[in-house]
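Structure assessment
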Amino acid sequence: PRTFNTGETLDPSLNELMPDSIQADWSALPVLQLKKGQTIVETLYNDRLKNANDCKDQAIQFFQAQQWTNAIQAYQTAISYNPFIASFWADLGSAFFQVQRYAEAKAALQKAIVMDFSSSVSYYSLGLVEEALENWDRALQAYQHAIDLNPQHLNSYTALGGLLARLRQWEAAEAIYRAGLAESIWHFGLYLNLGNLLAQTDRPQLAIQAYQKALQLSPNNAEVFHNLTLVHATTSEQFFYQGQYFAAQNNYVEAIIAYQRSLEIDPTHFASAFKLCECDQVLKQTNAVRSTVTKTLTHLANQVPLDSAQLKSLLLCLNKQSDSHLSRDLVKNLRFFKTPEIQNLLEQINFPILYAHSEEIPKFRAAFETAIDAVARLEFANPLVQDELFTFFRSFIHAFLNYQGENDREIQTKCATIVETLLAHRYPHWQVPVTLAPWSFPDKIRIGYASYYLRRHNGARWALGWVQHHDREKFEVFTYHFGENLDGYTKAFADASTEFKHLAEEEFETFEEWFKQTVETIRNDRLQILIFPDLGMEPRTYMLSKLRLAPIQCTAWGHPVTSGSACIDYYLSSHLMELEQAQDHYTETLVRLPHLGLCYATPQIPENSKNRSFFQLPEDRLLYLSCQSLFKYLPQYDHLYPAIAQQVPNAYFVFLETFLLAEKFSQRLEYSFSQVGLSSQDYCQILPKQSWENYLQLQQVADIYLDTIAWNGGNSTLEAIACGLPVVTYPGLQMRSRHSAAILQRLGVTETIAHSLTEYLEIAVELGKNPQWRTHIQTQYQHKSSRLFDDRQVTQSLDQVLLSIIDFREDNRERVSFDSGSRGRSPHGERSQ
């Protein structure tokens, strides 16, 4: 392991550094134009300030582009106009440091500090320079002074600890790293450096823990994976992390070799098998995936206790490449559960992620429902049944069933009831009612948000606006993140919270330990209200929601399907997304928040720097972009694409690959196009998964956005509108099929909302033929898009709703309706107004 190189990670936006002798070139000054009402001195002064600022702006651009020589020249010119700005000298010093002109860097930084001795950044940068000059004591003093000035300047801890370690002052270095982490858990370099130090001082287990923390912040960091190969004692683990190291660098061939060597040593190293499958899938080696999964499942079936998380991961490898039939055959032939009904449920929950024909949907749905009914009849007091059901539901969830386009209330209720009954038998001490603590102003209501996806994920990132804008005079906000990875969105959730708690299963010995600790943590916080933003996407959160952790529990549109649970009281939805009779889709009391029900931040759209050729798309075709996950596309709607192509001959349809479903989806498209005498290869292209920035760039080079039917885009539709892409949508009965229509209604641009499949086709065709109409819609989007974003009326209404719920509960009423005709299920199963 090597010490983290702080110089390599210097953040230009945070560092400021310039030399002693900057001579002003007065002959280069422009001819003086006296301003009306100003003296000559005032005019000279203002012109010099303007010129200095203009040069500064140019210098910052050079700095951010790492064009150090140009940045140096620009800052020198800025200083020639105005030598009294500390940040000019500091930035110049940083630029000199980057090109290893250390004496000039030091002089510039000293000037900056004389002008502003409160700048921790300048002291930190000076420390880097002194360290480069091998002035160890001065460097240590500069870093420490930076920390004293600003304990939140975490790079100073990294640099100070790194230098102390370099001087072999191990205890002092470790203390500095831990002091930095006590200030913030969000600094990758501190965890990496701490891990390096622990490894160097022969404490491998503690080093592994530090490295794993670093991976939470940078999940694919090759340097961390390399260091983990050095500290792990077992050869199979060493080869596993060697595979991770190569995979992080997209060297999948070498990664595959490493994972295979790990499995040769230990055939039960299931993590290696899963990662091996992932690499083979990247290289489109589907037969290799089938072989690996088949061999590994044989070993897994003999494991006691069963690791159902690994079982799910391996089966999902097959399902992602349209091999769900093989998944079901393997489950049938290998006995993972002794209880036949649970074994059969495991077989039936392996839905096709993408259906070949619409006739498949009712068949698989009926088989799953039959399996659920059989499990519901089991004797839940039986310890074997309890253990096996707990093992099953801790990993498996039926989320893909919800993409079949049906009203799922009944089947959701059946599944929820099974899990609730299981947990009631397994943890009877948690069945004691959670009472609502008395509340009155100025006391604050304690509200919690719990999710596996408090990060950049469509499941919960939309909820950040809710969390950020609660009235802090009335609410304390607790957030519980169950996912292992942390990113900028996670930090934003944490920064907006009264308390943020990261409860990752990976940090516990067993799932049951995690489950018990998480339940107790949330219950001990004595929340009045707990919101699950995305119930139904992830099994851990799903299980937690089947317990009463707070007196009032809600869910929302992150996974827009009813929970079916007696433990969830309210569904927080949108007035525009729900039909009048929508309560019939929910077991919860439906709450229709104003407008979209969202306080969604304005998307940050990058400047369009990529053209169609970057995506290997034709320049002379009309691009219809449909960028949803492929499992949202139901086969009964495939005919729309060739129908459009028949009337718009230059149409070209662009999709994005999901998992390894492109081949099967292409087969469906080819069949539909062939029915009208066309070839899908002439009209369709499925692009690989895109980075976040490229995804937004792709929206900017397209012409028209075709929404999916039965399950619309939500986040993606908002982003399409922000990119100026006309949206064609056809709303259905369920809320998940009405996102885009609601967005367009809120926008006040409703011409492209269809009221039938025929009209959907007509609108898509007319947009293709009528560029003036497309331009008209784009102009309206541009003028009106502010209506969609940062909607504080929603959060104000949400606060009022939650306060009303508290008030009604204190009056001993079970539930309160927030919409005429809204009805919910009481705890006794009755319908209540």
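Notes on the structure follow.

So, how was this worked out
- Residues numbered from 1 in each chain as written.
- Predicted model: local features only at pLDDT ≥ 70, side-chain atom pairs only at ≥ 80, totals over all residues.
- Heavy atoms only, no water.
- Buried < 20%, exposed > 50% of the residue type's maximum accessible area, 1.4 Å probe, protein only.
- Helix = DSSP H or I, 4+ residues; strand = E, 2+ residues; numbered from the N terminus.
- Pairing = 2+ DSSP bridges.
- Patch = residues over 30% accessible without salt bridge, like charges linked within 9 Å, V, L, I, M, F, W, Y side chains within 5 Å.
- Areas by Shrake-Rupley, 256 points an atom, 1.4 Å probe, with all protein chains shown as cover.
- Salt bridge = Lys/Arg side-chain N within 4 Å of Asp/Glu carboxyl O.
- Phe/Tyr/Trp six-rings, centres within 6.5 Å; stacked < 30°, edge-to-face > 60°.
- Lys NZ or Arg CZ within 6 Å of the ring centre and 35° of its normal.

**Focus: the pairing of strand β2 (residues 475-481)**
Burial analysis of β2 places six of its seven residues in the buried class, which makes it a mostly covered element. Judged from the seven bridges that link them, strand β1 (residues 445-451) and β2 form a sheet pairing that is parallel. By the bridge assignment, Tyr449 is partnered in β2 with Thr479. Pairing of β2 with strand β3 (residues 499-502), which is carried by four bridges, proceeds in the parallel orientation. Along β3, the bridge assignment pairs Thr479 with Phe500.

**Remarks on a nonpolar patch on the surface**
Together, Val253, Ile257, Val282 and Leu283 make up a nonpolar patch on the protein surface, roughly 310 Å² of accessible area in all. Examined against the element boundaries, Leu283 turns out to sit in the loop between α14 (270-282) and α15 (286-301).

**Observations concerning the packing of aromatic side chains**
Under the counting rule described, the total for this entry stands at 43 aromatic pairs. On the numbers, 4.0 Å between centres and 20 degrees between planes, the contact of Tyr403 with Trp711 is stacked. Here the residue Tyr403 occupies a position in the loop between α20 (383-393) and α21 (409-426), and Trp711 occupies one in the loop between β11 (704-706) and α29 (715-722), the gap between them amounting to 308 residues. Accessibility assignment for this pair places Tyr403 and Trp711 in one class, buried. Relative to Phe515, the ring of Trp514 lies with its centre 6.4 Å away and its plane at 45 degrees, an arrangement referred to as tilted. Members of the aromatic cluster, connected to one another through ring pairs, are Tyr624, Tyr633, Tyr641, Phe653, Phe655, Phe665, Phe673 and Tyr683. Lying over the aromatic face of Phe364, Lys363 brings its terminal NZ or CZ to 4.8 Å of the ring centre. Sitting over the face of the ring of Phe614, Lys610 holds its NZ or CZ atom 5.1 Å from the ring centroid.

**Details of the sheet that holds β11**
Ordered by their spatial adjacency, five strands build an open sheet running β10-β9-β8-β11-β12, and the pairing between neighbours is parallel. Each end of this open sheet is capped by a strand with a single partner; those strands are β10 (684-687) and β12 (727-728). Inspection of the sheet shows β11 paired to β12 by two bridges, in the parallel sense. Note on β12: the bridge partner recorded for Tyr705 is Val727.

**Details of the pattern of salt bridges**
Oppositely charged side chains can pair when the atoms bearing their charge come close. For the structure on display, the rule yields 30 salt bridges. For Glu476, the salt bridge identified is with Arg446, shortest N-O distance 3.2 Å. Remark: Arg446 occurs in strand β1 and Glu476 occurs in strand β2; sequence separation between them is 30 residues. Judged by relative accessible area, which is 24%, Arg446 ranks as partly exposed. Here the salt bridges do not stand alone but share partners, grouping Glu369, Asp373, Glu410 and Lys414 into one network.

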